[in-house]
Amino acid sequence: MTSKSVKKLWDRYRHLAPVVLYLLFYLAVFTYVENRPVHNMHLLVSKWDRLIPFCEYFIVPYFLWFFYIAAGVLWFALAEKDRSQYWALITNLGIGMTLFLIVSLVYPNGHTLRPTYLHRDNIFMDMVRFLWSIDTPTNVLPSIHVFNSVAVHIAVAGSPTLREKHPWVVHCSLLLCIAIIAATMFLKQHTVIDVITALGLNIVCYYFVYQPSFSRRETSAHVRGRLQ
């Protein structure tokens, strides 16, 4: 591969560099947070969590989350012609994930909702056992599964290309987003507090990331209307 072809590839895909670098940073900090000794764990269990039954079938949308987030970022990075939508999405994701790391560092948290014994035996239960073997019920506030799912759906629903040419993608995105949110609670991965906090953070980040651009477009349209 010549230096010219390398430069061409870099010019074409260099906007993906922040995602790769941030992912490496996030994984490093998250690994530290997950493995450090904690002496004062704050339990987030509420009475509402006791009312939600465990259901192993939600493991399917829970694992689809990884594809959903990756597909969303890659679509806006490689297929969406309006690059500003890509930057808005990764900024939104980056803010939420960074705040999650900060909360985990200064406020160690977790829950004790997982059943001590899984009575059923099927492929879905095997998937749940695998999940629980690699993911502890700690550092759960706010739920990144919830925050990232909503952030991606906001981007999908706000894309003129997807709304006009592929409306089925927007509908499927909404259904999967809702299923993932429900899965975090039905699988006892997160508490109601984690979910509500993540949704509240989504609202704040939405106005911080998206609303200024909307306001500028509305103001410009209003000025043009006055001049015509």
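Everything below is about the structure printed above this text.
**Re the nonpolar core**
Inference 1: Among the nonpolar cores identified, the biggest contains 41 residues, and Tyr68, Phe76, Tyr86, Leu89 and Ile181 are the most heavily contacted of them.
Inference 2: Of all the elements in the fold, those that place two or more residues in this core are α2 (17-35), α4 (59-78), α5 (83-106), α7 (144-157), α9 (167-186) and α10 (192-209).
Inference 3: With residues near it in sequence (within four places) discarded, Tyr68 still touches Ser149, Val152, His153, Ser173, Leu176, Cys177 and Ile180.
Inference 4: With ten residues, the next largest nonpolar core counts Val128, Leu131, Ala183 and Leu187 among its residues.

**A word on the side chain of Glu80**
Inference 1: Following the sequence through the fold, Glu80 ends up in the loop between α4 and α5.
Inference 2: Here Glu80 sits buried without a salt bridge, and the closest side chain of opposite charge, Lys81, lies 8.4 Å off (N-O distance).
Inference 3: Engagement of the side chain of Glu80 in a polar contact is seen with the side chain of Ser159, the distance being 3.3 Å.

**What to know about α10**
Because an α-helix packs 3.6 residues into every turn, residues spaced three or four apart end up facing the same way.
Inference 1: Taking 1.5 Å of rise per residue, 18 residues should cover 26 Å, and α10 covers 25 Å from first to last C-alpha, within 8% of that figure.
Inference 2: Here α10 has its buried residues at Val192, Asp194, Val195, Ala198, Leu201, Asn202, Cys205 and Val209.

**Focus: α4**
Inference 1: With 20 residues, α4 extends 29 Å from end C-alpha to end C-alpha; this agrees with the ideal 28 Å at 1.5 Å per step.
Inference 2: By the largest-angle criterion, Trp65 marks the main kink of α4, which is about 30°.
Inference 3: Inspection of α4 places Ile59, Pro61, Tyr62, Trp65, Tyr68, Ile69, Gly72, Val73, Phe76 and Ala77 among the buried residues, and these make up the whole buried set.
Inference 4: For α4, the secondary structure elements touched by its buried residues are α2, α5, α6 (123-134), α7, α8 (160-165) and α9.

Conventions used here
- Residues numbered from 1 in each chain as written.
- Predicted model: local features only at pLDDT ≥ 70, side-chain atom pairs only at ≥ 80, totals over all residues.
- Heavy atoms only, no water.
- Core = buried A, V, L, I, M, F, W, Y, C linked by side-chain atoms within 4.5 Å.
- Buried < 20%, exposed > 50% of the residue type's maximum accessible area, 1.4 Å probe, protein only.
- Helix = DSSP H or I, 4+ residues; strand = E, 2+ residues; numbered from the N terminus.
- Contact = heavy atoms within 4.5 Å.
- Lys, Arg positive; Asp, Glu negative; His and termini not counted.
- Salt bridge = Lys/Arg side-chain N within 4 Å of Asp/Glu carboxyl O.
- Polar contact = N/O pair within 3.5 Å; in protein donor to acceptor, adjacent residues only side chain to side chain.
- Expected span 1.5 Å × (residues − 1).
- Bend = angle between axes of the 7 residues up to and from the residue.

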